[in-house]
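Analysis of the macromolecular model
The primary structure of each chain is shown beneath.
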Amino acid sequence: MDSELKDIRLEDLVPFKGHTGQAYKGERLQQLMDSIEKTGLISPIIVRPADNGKYEILCGHNRVKAVRTLGHDTIRADVRYKVSDDMALELFFDSNLNQQSFLDWSYSQRFEAVKYIETLIKETSRQGKRTDLEKETAIGTDNGTYVQSRHKLTEKPKRITVRDRMSKRFGISTATLSKYRRIIKLPDDLLRSLEQLLDEKRITFEAAYIIANMIDFDIEILVEGIIKNPDKILDLAILKNLPHRNDEKPGVIYPKSRKRALAALKPRPSSDVIAPVRKTK
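Keep in mind it's a predicted model, so treat the numbers as computed, not measured. The residue numbers shown here count from 1 along each chain, following its written sequence. Local features in this predicted model are restricted to residues of pLDDT 70 or higher, and side-chain atom pairs are both shown and tallied only at a pLDDT of 80 or more, whereas totals for entire chains, interfaces and linings draw on every residue. Side-chain numbers come from the whole structure's heavy atoms, not from hydrogens or water.

Aromatic rings from Phe, Tyr and Trp, taking only the six-membered ring of Trp, are treated as a pair when their centres fall within 6.5 Å; an angle between ring planes under 30 degrees marks them as stacked, one over 60 as edge-to-face, and anything in between as tilted. Going through the model one piece at a time under the given rule, you end up with 8 aromatic pairs. Taken together, a centroid distance of 6.0 Å and an interplanar angle of 70 degrees make the contact between Trp105 and Phe170 edge-to-face. Of this pair, Trp105 sits in the loop between helix H3 (85–97) and helix H4 (107–138) while Phe170 is found in helix H5 (residues 162–170), placing the two residues 65 residues apart along the sequence. Side by side, Trp105 and Phe170 carry an identical accessibility label, which is buried. By way of ring pairs, the aromatic residues Phe102, Trp105, Tyr107, Phe111, Phe170, Tyr180 and Phe205 are connected into one cluster. Put simply, a charge is over a ring when the Lys NZ or the Arg CZ is close to the ring centre, within 6 Å, and near the line of the ring normal, within 35 degrees. We note Arg110 situated over the ring of Tyr107; from NZ or CZ to the ring centre the distance is 4.0 Å. Every helix listed is a DSSP run of H or I at least four residues long, and every strand listed is a run of E at least two residues long, numbered separately from the N terminus. To sort residues, take the accessible area from a 1.4 Å probe on protein chains only and compare it with the maximum for the residue type: under 20% means buried, over 50% means exposed, and anything in between is partly exposed.

Written out as structure tokens, the structure is:
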């Protein structure tokens, strides 16, 4: 990979387009600033060229924040050229995992990471199919026909899949990763709504997974009900019995009953009422 070390003006830096991480603040930011003042910037940030002469930060958003707060004008950077979007995402997520655990991230960042994993899984699957075709061709005879081997194939060791590797990298089980993969398949507007409810701690991750398996209309009504009724909580037992998207049959129109979805909301104990969180512009 072509790269070079150079000092870059802070005003020429732009955040990574997929950056939704938790920026350092308070004591943690001060510790980073103290370290930079005492020993300098030990590790340069990693960037790639962007439009209009700018550089996109791939690794080092918190270092940039610390240096800017200290009043510096430039920062040492490792400029990586010919970095694809997939390579940029991998660098970004690896950098964040070295600083925070997956569960410390906001849900929007977790979902973006899982979308990246989904891309890797699909690409690996395509490559695997191509490899299988090449193997079939390799065992053919010279005249293009195939022969059947009488020898029992040696049993192969269990293959480590992308799902196994990435769930281990994120520190979660493959079952939990599968739940994330189900949630990210929702339409964007519904996914954004669940992200907000999760980050505001209005619903649990398990509830989000159950909701993601419902039909879209029920999800829309339920999300609206949760937002408008902070004095209520979800009854998971009722939630699990709502129509499931996998049970939908072609040509069958399910009744659009508001009562059906809102039945999953029940009064919250008076000592545990959560005030609505206002969105900031």
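Next up on the list: helix H2 (residues 61–69). A turn of α-helix holds 3.6 residues, and therefore any two residues three or four places apart point the same way. Along H2, the residues that are buried comprise His61, Asn62, Arg63, Val64, Ala66 and Val67. Between two residues, a contact is recorded if the distance between any of their heavy atoms is within 4.5 Å. Each element contacted by the buried residues of H2 is listed here: strand S2 (13–14), helix H1 (26–39), strand S3 (45–49), strand S4 (55–59), strand S5 (74–80) and H3. Positive backbone phi, approximately 90 degrees, marks Gly71, located one or two places after H2.

Next up on the list: the pattern of salt bridges. Pairing is possible between side chains of opposite charge, provided their charged atoms come close. Here a salt bridge means any side-chain nitrogen of Lys or Arg lying within 4 Å of a carboxyl oxygen belonging to Asp or Glu. Under the counting rule described, the total for this entry stands at 15 salt bridges. Ionic pairing is found between Arg48 and Asp85, a salt bridge with its closest N-O pair at 3.0 Å. In this pair, Arg48 sits in strand S3 while Asp85 sits in helix H3, placing the two residues 37 residues apart along the sequence. A relative accessible area of 7% means that Arg48 is categorised as buried. Note that Glu195 is salt-bridged to Arg192, the shortest N-O span being 2.7 Å. Of the two residues, Glu195 and Arg192 both sit in helix H7 (residues 188–199), 3 residues apart, roughly one turn of that helix. Looking at Glu195, the relative accessible area reads 7%, which means it is buried.

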